[in-house]
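Residue-level listing of the chains:
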Amino acid sequence: MKSNTPDMRDVIVEFQGVAKRFGTQEVHKDITLKIPRGKITYIVGPSGTGKSVLLKEMIGLIRPDKGAILLDGEDITKMSEKELLLLRRRFSLLFQQGALFDFMSVFDNVAFPLREHTKTPPAEIKSKVVNLLTKVGLKHAIYKMPGELSGGMKKRVALARAVILHPEILMYDEPVAGLDPIMSSVIDNLIYTTQQQFNITTVVVSHDIQSILTIPDYIYMLYKGYIVYQGTKEDIKTSDNPYIVQFINAKKDGPIEVA
Amino acid sequence: MVLFNKVGQITLSNFHSLGKFFLFLANSTSAIIRPPYRPRLFIGFLDTIGFGSMLIVVLTSAAIGLVMGVQGYLILQAFGITYITGGMVAVSMTRELAPILAGLMVTARAGSAMAAEISSMKVGEQVDALRAMAVSPYSYIIAPRILATTVVMPVLMSIGLVVSLLSSYLLVVVILGVNDYMYRQYVDLLLSFSDYVKGMIKAAVFGFILSSISCYQGYYSRADATGVGIATTNAVIWSSVMILLSDSVLTLILF
Ligand SMILES: Nc1ncnc2c1ncn2[C@@H]1O[C@H](COP(=O)(O)OP(=O)(O)OP(=O)(O)O)[C@@H](O)[C@H]1O
Ligand SMILES: [Mg+2]
């Protein structure tokens, strides 16, 4: 085992034989994976393979049909919505489409988790929100409504809302998709420094090759309901796994079918 | 055989959704009773639902008061007792028409909006975002709406009642020239305070019914644009139907 491979004995979340279907469509057939504590794990895979569904399963927004999802050894698939609600305080999820509340301003959206779950005084809320929005380049948009923002701006507001509480486990669903290269690297950097600063277990769904080759401690690749590859970012560069090779090199020929 | 199957399916799926609705009601009621309470949201909805529906309640109540006055006057004229018109209008408005009118108008104005808002929140994954942020959608979205509607309905009903009584008074006494003193005497004689309380109870029940049905339709809508349309339509239809059906039941119980 290489020295930079994360310690797979210190696992915070574990999927054991998870299967999920929507109608006749089997999204997950047999997903087994471990998320190492305090590390950055990337989930990659072609569009429509169930990466977003996987993140939602991890916080109990979607229940799998089969298998277990263990959080610190406890199976969350058996829990009631009430128990899950408590447990979700340990998590934060950046939704792929942002999922901003469209009846609140940008400021109120980002302040929402603080107001709901902490007793932070208003002045401090304000400075935290402004500070964070400045970091994602949106200081000028603080009092706008979500309907007045571009797609990339919404994404960054949602990102600010997701990181404001420094939870134990942060999940980002395609944080840089749709952003320009400069803003992408700003966001990647924010994800990385947030993780480092607070030692947050981070799970990122991404298609961004640049990020995949530089940031993660561990990578899983999803395809047709299974994990078809796993390894560190160093492993990837030398791997001969046809799936990850095709994906990283953006080849149209290989085991991954476009149809 | 095919027909049997069809019928079976319909009743089964109806039972299924009835069960779903009662579960929804149970969750909503528990969210209303238990903390966290959300006074800001509640007051916000009092404002939008209450003031938002005020104008149409006033307008329609004035119109109903007027036609009730006319019809009452015409019937009672034959017996030479037109001065009873006021009492008759007052009783039927208080017991039946004012609560129903307020219920239907709030359904049209606010119930439809609730269904549309909640279902479009689903389209944008905002309901899931709430759950993901460890906030119960029942406590944040549903409870304040149901509570605000239930509280504001008796107020709207009272306003509608006053307006309708004024408009029939205006017509029957001021315009048609029925004796003012006698008219008022019979309003006093026929209308009791308990009628008014019962009318308010009806209004509150209608508020609870229409808001829970509308929220339910929004909450369980399909998460797309068509789903929003269907939810809104169903909210208005089912709320109106259930208001009228429950009115018969309430009338049997209360009077
Ligand atoms: N609530 C749902 N109801 C029905 N089908 C769903 C639902 N959510 C997801 N799916 C289906 O599951 C499959 C996986 O969806 P998912 O959003 O997880 O893909 P993804 O890997 O995140 O893709 P992308 O990279 O394009 O975001 C899709 O085919 C989708 O149609
Ligand atoms: Mg996705």
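Residues numbered from 1 in each chain as written. Chains lettered and ligands numbered in written order. Predicted model: local features only at pLDDT ≥ 70, side-chain atom pairs only at ≥ 80, totals over all residues.

Another point: the interface of chain B and chain A. Opposite the eleven residues of chain B that make contact, chain A presents 15 residues. Class assignment for the residues of the side of chain B that touches chain A results in five nonpolar, three polar and three charged. (Contact = placed C-beta atoms within 7 Å. Nonpolar A, V, L, I, M, F, W, Y, C, P; charged D, E, K, R; others polar.)

Right, let's talk about the confidence of the model for chain B for a bit. Where the model shows low pLDDT, its predicted coordinates should not be examined in detail. Averaged over all residues, the pLDDT of chain B is 94; the fraction at 70 or higher stands at 94%. Two summary scores accompany this predicted model of the complex, namely pTM at 0.92 and ipTM at 0.93. (pLDDT = per-residue confidence, 0-100.)

What follows concerns the packing of helix 3 (residues 106-117) of chain A against helix 5 (residues 151-163) of chain A. Residue and element names in this part refer to chain A. Relative orientation of the contacting elements helix 3 and helix 5 amounts to 25°, with a least axis distance of 7 Å. One element, helix 3, and the other, helix 5, form an angle in the roughly parallel class. For the crossing formed where helix 3 meets helix 5, the hand is right-handed. Contacts between helix 3 and helix 5 involve V106, N109, V110, F112 and P113 from the first element and V157, A160 and R161 from the second. Looking at the contact of helix 3 with helix 5 residue by residue, the class counts come to six nonpolar, one polar and one charged. (Axes fitted to C-alpha atoms, helices over the stretch in contact; angles between N-to-C directions. Helix = DSSP H or I, 4+ residues; strand = E, 2+ residues; numbered from the N terminus. Parallel < 35°, antiparallel > 145°, perpendicular 65-115°, else oblique. Left-handed = near helix turned anticlockwise from the far one by under 90°.)

Residues and elements named next belong to chain A. For strand 1 (residues 11-22) and strand 2 (residues 25-36), the ladder comprises eight bridges, and the chain directions are antiparallel. By the bridge assignment for strand 2, R21 is matched with E26. Taking the residues that link successive antiparallel strands as the turn, the strand 1-strand 2 hairpin has two residues, and the phi of G23 there is positive, at about 60°. (Pairing = 2+ DSSP bridges.)

Moving on: the site of ligand 1. Residues and elements named next belong to chain A. The local shell around ligand 1 consists of F22, V27, S47, G48, T49, G50, K51, S52, V53 and Q96. The element that contributes the greatest number of residues to the shell around ligand 1 is helix 1 (residues 51-58), accounting for three residues. Of the residues that constitute the shell around ligand 1, the class distribution is three nonpolar, six polar and one charged. (Near = placed C-beta within 6 Å.)

Given 3.6 residues to a turn, an α-helix orients residues that are three or four positions apart in the same direction. Residues and elements named next belong to chain B. For helix 8 (residues 225-254), built from 30 residues, the straight-helix expectation of 44 Å at 1.5 Å per residue is met to within 8% by its first-to-last C-alpha distance of 42 Å. Listed in full, the buried residues belonging to helix 8 are V228, A231, T232, A235, V236, W238, S239 and I243. Those residues of helix 8 that are buried are in contact with helix 3 (85-123) and helix 7 (193-219). (Expected span 1.5 Å × (residues − 1). Buried ≥ 20, exposed ≤ 12 C-beta atoms within 10 Å, placed from the backbone.)

On to the environment of K122 of chain B. Residue and element names in this part refer to chain B. With respect to the helices, strands and loops of the structure, K122 is situated in helix 3. Residue class for K122 comes out buried when judged on the 21 C-beta atoms lying within 10 Å of it. K122 sits 26 residues away from E96 along the chain, and the two C-alpha atoms are 37 Å apart.

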